[in-house]
Amino acid sequence: MSLEDKLKDFFAMQFEQELLDEIVKIGEIKFYREGEILMDIGDNVDFIPFLLRGVFKVVREDENENEIAIYFLERGDTCASTFVNFLHTAKSPVRAVAETDCEVIMVSTHYFDKWMSEYKSFRDYVIESYNIRLNELLEAIDSMVFMKMNERLLKYLQDKVQVLRNTTLKTTHQQIAFDLNTSRVVISRLLKQLENEGKIRIGRNKIEVLDI
DNA sequence: ACATTAAGTGATT
DNA sequence: AATCACTTAATGT
């Protein structure tokens, strides 16, 4: 599939033909393997990533390396905080790590201004993107503040199943514990509980989610 | 066979 | 829900 087709297929927003042409001409395709970092906390951001294929996990971390997964990015998404960074020339407040192998098209922030004023579809896309991220952020706050760990865990598993489009997750209890910023022991016990409730099935390095 | 890593468990706070 | 201390199970070399 050509790059242009991918852009058309995966991005909900209908970009104008001229904008598509520019993205195709200027953009640089990059591939990330599972586990690789697209952008780390503190990095200067001078590009806008458009996600063509794969899933990124966006993670926040404090100075003691306590981390918490905030949300996942799917194809058609972009890292909205990139826009903030661009406008204020700041450093990335989050880390984006490839959850699967990914294909991304990078565009220098240099073109951002121009596209914002020239293309309505781009403006809409940016605003829409901001909106979605904001909502996901609120959801993340809600789940952290109001939900108990067992509910958070189930939500985490279901979210992951949804973005990965695969009901069998390949992960470890420890990794989940990192993402939810809790301990492995707690996750192991809660997973066992979910299994007893018939909502999941546990295997080594693998969890099958039955209750979607 | 041995070391390493993942997961399970009881007790305590 | 977190932590500790320990066991058991699976996997790699």
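What counts as what
- Residues numbered from 1 in each chain as written.
- Chains lettered and ligands numbered in written order.
- Predicted model: local features only at pLDDT ≥ 70, side-chain atom pairs only at ≥ 80, totals over all residues.
- Heavy atoms only, no water.
- Phe/Tyr/Trp six-rings, centres within 6.5 Å; stacked < 30°, edge-to-face > 60°.
- Lys NZ or Arg CZ within 6 Å of the ring centre and 35° of its normal.
- Near = heavy atom within 4 Å.
- Polar contact = N/O pair within 3.5 Å; in protein donor to acceptor, adjacent residues only side chain to side chain.
- Helix = DSSP H or I, 4+ residues; strand = E, 2+ residues; numbered from the N terminus.
- Nonpolar A, V, L, I, M, F, W, Y, C, P; charged D, E, K, R; others polar.
- Expected span 1.5 Å × (residues − 1).
- Buried < 20%, exposed > 50% of the residue type's maximum accessible area, 1.4 Å probe, protein only.
- Contact = heavy atoms within 4.5 Å.
- Domains from an automatic or database assignment.
- Buried area = accessible area lost by both parts, 1.4 Å probe.
- Salt bridge = Lys/Arg side-chain N within 4 Å of Asp/Glu carboxyl O.
- 1 Å grid on protein atoms, 1.4 Å probe; cavity = no way out; pocket = protein on both sides within 12 Å on 5 of 7 lines; lining within 4 Å.
- Points joined across faces, edges and corners; volume = space filled by probe spheres on them.

Digging into the packing of aromatic side chains
Item 1. For the structure on display, the rule yields six aromatic pairs.
Item 2. For the ring pair Trp 115 and Phe 122, a centre distance of 5.4 Å and an interplane angle of 80° mean the geometry is edge-to-face.
Item 3. Following the ring pairs from residue to residue traces out a cluster consisting of Tyr 111, Phe 112, Trp 115 and Phe 122.
Item 4. We note Arg 133 situated over the ring of Tyr 71; from NZ or CZ to the ring centre the distance is 5.0 Å.

Brief notes about the protein's contact with DNA strand B
Item 1. In the vicinity of DNA strand B, the contacting residues are Thr 172, His 173, Arg 184, Val 185, Arg 189, Lys 192, Arg 204 and Asn 205.
Item 2. Considering DNA strand B, the proportion of its atoms within 4 Å of the protein that are sugar or phosphate atoms stands at 38%.
Item 3. The contact in question runs from a phosphate oxygen of DNA strand B to an N or O atom on the backbone of His 173, over 2.9 Å.
Item 4. At 3.0 Å, a side-chain N or O of Arg 204 approaches a sugar or linking oxygen of DNA strand B.
Item 5. Of all the elements, helix α8 (residues 184–196) adds the most residues to the surface near DNA strand B, at four residues.
Item 6. For the surface near DNA strand B, the class distribution of residues is one nonpolar, three polar and four charged.

Overview of α8
Item 1. For α8, built from 13 residues, the straight-helix expectation of 18 Å at 1.5 Å per residue is met to within 8% by its first-to-last C-alpha distance of 18 Å.
Item 2. Every buried residue of α8 is accounted for by Ile 187, Ser 188, Leu 190, Leu 191 and Leu 194.
Item 3. Looking at the buried side of α8, the elements it contacts are α6 (149–164), α7 (173–180), β9 (200–203) and β10 (206–209).
Item 4. A positive phi of about 80° marks Gly 198, the residue just after α8.

Details of the domain arrangement of chain A
Item 1. One can read the domain layout of chain A as domain 1 (3–144) and domain 2 (148–209).
Item 2. Just the C-alpha atoms count here: the centres of domain 1 and domain 2 sit 26 Å apart.
Item 3. Of the residues lining the interface, 14 residues belong to domain 1; the matching set on domain 2 comes to 13 residues.
Item 4. Summed over both partners, the interface of domain 1 with domain 2 buries about 1200 Å², with 52% contributed by carbon and sulfur atoms.
Item 5. At the junction of domain 1 with domain 2, the criterion picks out five salt bridges.
Item 6. Across the pair Lys 160 and Glu 99 runs a salt bridge, and its minimum N-O distance is 2.7 Å.
Item 7. Viewed at the interface, domain 2 and domain 1 are joined by six residue pairs in polar contact (both at pLDDT 80 or more).

Notes on empty space enclosed by the protein
Item 1. For the structure shown, the criterion picks out one cavity of 30 Å³ or more.
Item 2. Its volume calculated, the largest cavity comes out at about 40 Å³.
Item 3. Forming the boundary of the largest cavity are Leu 38, Pro 49, Phe 50, Leu 51, Phe 56, Leu 73, Asp 77, Thr 78, Cys 79 and Val 104.
Item 4. It is strand β3 (residues 47–53) that provides the largest number of residues to the lining of the largest cavity, a total of three residues.

Considerations on unusual backbone geometry
Item 1. Positive phi outside glycine occurs at Arg 165, with the angle close to 55°.
Item 2. Secondary-structure assignment places Arg 165 in the loop between α6 and β8 (168–169).
Item 3. For Asn 205, which is not glycine, the phi torsion reads 60° and is therefore positive.
Item 4. Along the chain, the position of Asn 205 falls in the loop between β9 and β10.

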